[in-house]
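Structure at a glance
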Amino acid sequence: QSTFRDSFSICFWFKFPDGQPSDAMRFLGYDAGDDELFISLEADGKSKFQFRSSEDRVISRTDAAIASNNQTDWIYLTITLTKAPTIGDAQIIFYKDGSAVDSSLVTTETLTQDNMEQYTQDENLVLGAYRKDDDSIGDDTCDGIIDDFKIYSKALTAAEISKNYNATKGRHKN
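What counts and how
Residues numbered from 1 in each chain as written. Predicted model: local features only at pLDDT ≥ 70, side-chain atom pairs only at ≥ 80, totals over all residues. Heavy atoms only, no water. Helix = DSSP H or I, 4+ residues; strand = E, 2+ residues; numbered from the N terminus. Buried < 20%, exposed > 50% of the residue type's maximum accessible area, 1.4 Å probe, protein only. Contact = heavy atoms within 4.5 Å. Areas by Shrake-Rupley, 256 points an atom, 1.4 Å probe, with all protein chains shown as cover. Core = buried A, V, L, I, M, F, W, Y, C linked by side-chain atoms within 4.5 Å. Pairing = 2+ DSSP bridges. Salt bridge = Lys/Arg side-chain N within 4 Å of Asp/Glu carboxyl O. Axes fitted to C-alpha atoms, helices over the stretch in contact; angles between N-to-C directions.

For the protein chain, the helix and strand inventory stands at two helices and eleven strands. In the protein chain, the succession of helices and strands from N to C terminus is β-β-β-β-β-β-β-β-β-α-β-β-α. In the protein chain, which comprises 174 residues, the proportion classed as buried is 45%. The long-range share in the protein chain, meaning contacts at least 24 apart out of those at least 6 apart in sequence, stands at 65%. With an accessible surface of roughly 8,300 Å², the protein chain has 41% of that area assigned to carbon and sulfur atoms.

Here it is as structure tokens:
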């Protein structure tokens, strides 16, 4: 729980062996009342990150697709959330294969330093799906492969993300 009360990064490799991702799916997540965390791939191939602490939520989505039909290559996805040093908006950055991609906030709500510090979720994240408030698993599960999943208790720099990508891409050849 303390990891998500401050800046953090989530990194992982994924691919779809048949080249056909489902309409929409969750790479990981949970929804437990006032706290939630999701990373998903939408039907249009865009990635979405959603984080809620207490009553405030922030949703960010890539501006362009990061995956498409008939694509069987491994993709390295990283999402960083940087908590503002003073009361203000958190910064969310998506990286595909070690390089930042354009994204946009979807919500008008702000996630402040105070809100993040109230994060109290102690449930386990579910990889390849998401856990609902009643402990059941949601319907939009991942129909691909997830590998080398990591959570960092800091917002990685672009150089650190590029280094991680380059150090692990040899293990993720098609």
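A word on the nonpolar core. Side chains that are nonpolar tend, in soluble globular proteins, to be buried together. By size, the foremost hydrophobic cluster in this structure holds 23 residues, and its most contacted members are Phe14, Phe27, Ile39, Phe49 and Leu77. If you list the elements that add at least two residues to this core, you get β1 (8–15), β2 (25–32), β3 (35–41), β4 (47–53), β6 (75–82) and β7 (91–96). Not counting residues up to four positions away in its chain, the partners in contact with phenylalanine 27 are Phe12, Phe14, Ile39, Ser40, Leu41, Leu77, Val126, Leu127, Gly128, Ala129, Cys142 and Ile146. Cys11, Trp13, Trp74 and Leu156 belong to the second-largest nonpolar core, a separate cluster that totals eight residues.

This paragraph deals with the pairing of β6. When you tally the buried positions in β6, you get seven out of eight residues, the bulk of the element. Summarising the sheet, β6 and β7 pair through six bridges and their orientation is antiparallel. By the bridge assignment, leucine 81 is partnered in β7 with isoleucine 92.

A word on the environment of isoleucine 137. Tracing the backbone through its elements, the reader meets isoleucine 137 in the loop between β10 (126–127) and β11 (145–152). Along the chain, isoleucine 137 and glycine 29 lie 108 residues apart, while their C-alpha atoms are 9.9 Å from each other.

Moving on: the pairing of β1. Most of β1 sits out of view: eight of its eight residues are buried. Across the two faces of β1 the burial is the same, with Phe8, Ile10, Phe12 and Phe14 and Ser9, Cys11, Trp13 and Lys15 all buried. Examined bridge by bridge, β1 and β6 share seven bridges and lie antiparallel to one another. What sits directly across from cysteine 11, in β6, is threonine 78.

Moving on to the pattern of salt bridges. Within the structure shown, the criterion is met by three salt bridges. For arginine 171, the salt bridge goes to aspartate 148, with nearest N and O atoms at 3.2 Å. Of this pair, arginine 171 sits in the segment after α2 (158–168) while aspartate 148 sits in strand β11; the two residues are 23 residues apart in sequence, bridging distant segments of the chain. Here glutamate 160 and lysine 154 are joined by a salt bridge, their closest N and O atoms 2.6 Å apart. The partly exposed category is assigned to lysine 154, whose relative accessible area is 39%. Through salt bridges that share partners, Asp148, Lys150 and Arg171 make up one connected network.

Another point: the sheet that holds β11. Spatial ordering of the open sheet is given by β8-β7-β6-β1-β11, a layout of five strands whose pairing is antiparallel. If you trace the sheet from one side to the other, it starts and ends with β8 (99–101) and β11, each paired once. Pairwise comparison of adjacent strand axes, ignoring direction, gives a mean angle of 25° for this sheet. Running over the sheet, α2 touches β1, β6, β7 and β11 and is turned about 155° from β6.

Let us now look at the environment of cysteine 142. Its location among the elements puts cysteine 142 in the loop between β10 and β11. Each C-alpha atom of the pair cysteine 142 and phenylalanine 14 lies 9.8 Å from the other, and the pair is 128 residues apart in sequence. For cysteine 142, the residues in contact, after removing those within four places along its chain, are Met25, Arg26, Phe27 and Gly128.

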